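Residues per chain, in single letters:
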Amino acid sequence: AVHPGRAASQAQGRAASPMAGCAERPILRERGQREVFCGLTGIVWLHRKIQDAFFLVVGSRTCAHLMQSAAGVMIFAEPRFATAVMEERDLAGLADANEELDAAVSRLVERRPDIRMLFLVGSCPSEVIKLDLSRAAARLSERYAPDVRILNYSGSGIETTFTQGEDNCLAALVPQLPEAETTSPQLLVVGALADVVEDQFARLFSAMGIETVRFLPPRKARDLPPVGPSTRYLLAQPFLGETARCLEERGAGRIAAPFPLGAEGTTLWLKAAADAFGVDPMRFRSATAAAEARAKRALEPYRAELSGRSVFFFPDSQLEIPLARMLSRELGMALTEVGTPYLHRQHAAEELALLPEDVFLSEGQDVDRQLERARAERPDITVCGLGLANPLEAEGLTTKWSIELLFTPIQGYEQAGDLAGLFARPLDRKTRLKV
Ligand code: SF4
């Protein structure tokens, strides 16, 4: 069953069993009904990142609705995403559907000569599943190359939760990256970051003496970073399992690190890159010390407010584990349950090692059972999707929308205070309302 903007899947055999083996920590795995956004949502931040790309959702009116409401707060003179609505049709109508898609692309490319990269984004309605979008992308690429590169990926709610849309988009980009022509090591930072955050990191790497730093996704379609066996990549986001796999197929090696959230997380993330590139520890300290001290100072007032408060994470963005680590270690919050839609054990290993011994972790979802646990815990703050936030607020729980953590720049030293503020504000508002 699918409803606006959310994937609700009923997996076989609603098993819920505590499993051992995730860095030796027990984890509750649930495979029941889930309440999360689908991968189309990623378009809302990706279209702002790659400035000459366009995202054409091949979907239904429901998908168009989701895109409109998710991005509804933004007004563009020339939007960089749209939905080609495919109506219900039988198999005999497939040839027409392909023609319709070709015609929609042709109208778009003619009207918008600024588009250099076009993503055809698949969705879950059955009429779209019948279409082979990779063949359509190959067919259309032949027609529009070299001016417009046409790629495809899936944002379908059956296959993806909302941050997995970015993973699929970046994984589709990897085969397009040029081969690195040098044998000297280059750093590739992987995962969409706000431009301001990207610039801050570029300055820090440069101050450490790491000069060859590139970012994926790039800001311009023509500026694809090269990749090869000399590439060391550093994930900026925890939800990029497929992209990482594709990069490794191209010979790139991952730098294992926690994620750059909070003062400590940012230092450990930067340090992992510094060590991989043989940066002298003194030089690393002098490059990062001032910014780290600023971040710690910015966190102090929030620590006073948040210390000892409890937080419950529903699974949504896969950012839950790094966020929980930051809230517990840097702000003294108590973790009740940390749910994640999917746990990549390798990529999360450094984060898991920093979590408190007795943390309760869950992977996947059986929404009703999880709601019962949240109600029993009555945490001070609950991080969840929009669909759960309103009913929980009505029951007197304070919530934080997990989607906001994707739309707001939260990585790096200069954003550490803003990140803490996102958790302090709902509690503060609640206190004021009570007064
Ligand atoms: Fe809904 Fe599926 Fe479209 Fe997402 S892709 S908006 S879950 S119909």
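What you see is a predicted model, and the numbers here were worked out from it, not measured in a lab.

**Student:** What exactly am I supposed to notice about the overall build of the protein here?
**Tutor:** Across its full length, the protein holds 16 helices and 18 strands. In summary, the protein has a C-alpha radius of gyration of 22 Å against a globular reference of 22 Å for 435 residues, a match within 12%. Along the longest, intermediate and shortest principal axes, the C-alpha atoms of the protein span 60 × 55 × 45 Å. Classification of the 435 residues of the protein by burial places 57% in the buried group. For the protein, the computed accessible surface area is about 18,100 Å², with 52% contributed by carbon and sulfur atoms. Side-chain charges in the protein split into 50 positive and 57 negative, and the spacing between the mean points of these groups amounts to 3 Å.

**Student:** Please explain the side chain of Asp167 as it appears in this structure.
**Tutor:** Turning to its location among the elements, Asp167 is positioned in helix H6 (residues 164–173). Despite its burial, Asp167 pairs with no opposite charge; the closest candidate is Arg245, at 8.5 Å N-O. Among the polar contacts made by the side chain of Asp167, one reaches the main-chain amide nitrogen of Gly241 at a distance of 3.3 Å.

**Student:** When you look at the state of the cysteines in this model, what are you seeing that I'm missing?
**Tutor:** Linking two cysteines covalently through their sulfur atoms gives a disulfide. Scanning all chains against the criterion turns up zero disulfides. Cysteine Cys384 is unpaired, with the sulfur of Cys38 as its nearest cysteine sulfur at 18 Å.

**Student:** Looking at this structure, how should I read the packing of helix H10 (residues 281–306) against helix H11 (residues 320–331)?
**Tutor:** Two quantities define a packed helix pair, namely the angle between the helix axes and the distance between the axes. Two elements in contact, H10 and H11, have axes whose closest approach is 9 Å; the angle formed by their N-to-C orientations is 90 degrees. In terms of their interaxial angle, H10 and H11 are classed as roughly perpendicular. Taken together, the residues of H11 that come into contact with H10 (itself represented by Leu299, Tyr302, Arg303 and Leu306) are Met326, Arg329, Glu330 and Leu331. Considered class by class, the residues forming the contact of H10 with H11 number five nonpolar, no polar and three charged.

**Student:** Explain the packing of aromatic side chains to me, please; I cannot follow it from the model alone.
**Tutor:** For any two aromatic rings, the description comes down to two numbers: the centre-to-centre distance and the angle of the planes. On inspection of all chains with the given rule, the structure shows eight aromatic pairs. Plain terms: the ring middles of Trp45 and Phe162 are 6.1 Å apart, the flat faces sit at 85 degrees to each other, and that makes the pair edge-to-face. Linking Trp45 in helix H1 (residues 43–49) with Phe162 in the loop between strand S9 (149–154) and H6, this pair joins segments that are 117 residues apart in sequence. Each member of the pair, Trp45 as well as Phe162, is classed as buried. Plain terms: the ring middles of Phe312 and Phe314 are 5.1 Å apart, the flat faces sit at 45 degrees to each other, and that makes the pair tilted. You'll find Phe312 and Phe314 in the same group, each marked buried. Ring pairing ties together the aromatic residues Phe37, Trp45, Phe162 and Phe407, which thus form one cluster.

Cut-offs used in this document
Residues numbered from 1 in each chain as written. Predicted model: local features only at pLDDT ≥ 70, side-chain atom pairs only at ≥ 80, totals over all residues. Heavy atoms only, no water. Helix = DSSP H or I, 4+ residues; strand = E, 2+ residues; numbered from the N terminus. Rg over C-alpha atoms; globule rule 2.2 N^0.38 Å. Buried < 20%, exposed > 50% of the residue type's maximum accessible area, 1.4 Å probe, protein only. Areas by Shrake-Rupley, 256 points an atom, 1.4 Å probe, with all protein chains shown as cover. Lys, Arg positive; Asp, Glu negative; His and termini not counted. Charge placed at Lys NZ, Arg CZ, Asp CG, Glu CD. Salt bridge = Lys/Arg side-chain N within 4 Å of Asp/Glu carboxyl O. Polar contact = N/O pair within 3.5 Å; in protein donor to acceptor, adjacent residues only side chain to side chain. Disulfide = S-S within 2.5 Å. Axes fitted to C-alpha atoms, helices over the stretch in contact; angles between N-to-C directions. Parallel < 35°, antiparallel > 145°, perpendicular 65-115°, else oblique. Contact = heavy atoms within 4.5 Å. Nonpolar A, V, L, I, M, F, W, Y, C, P; charged D, E, K, R; others polar. Phe/Tyr/Trp six-rings, centres within 6.5 Å; stacked < 30°, edge-to-face > 60°.

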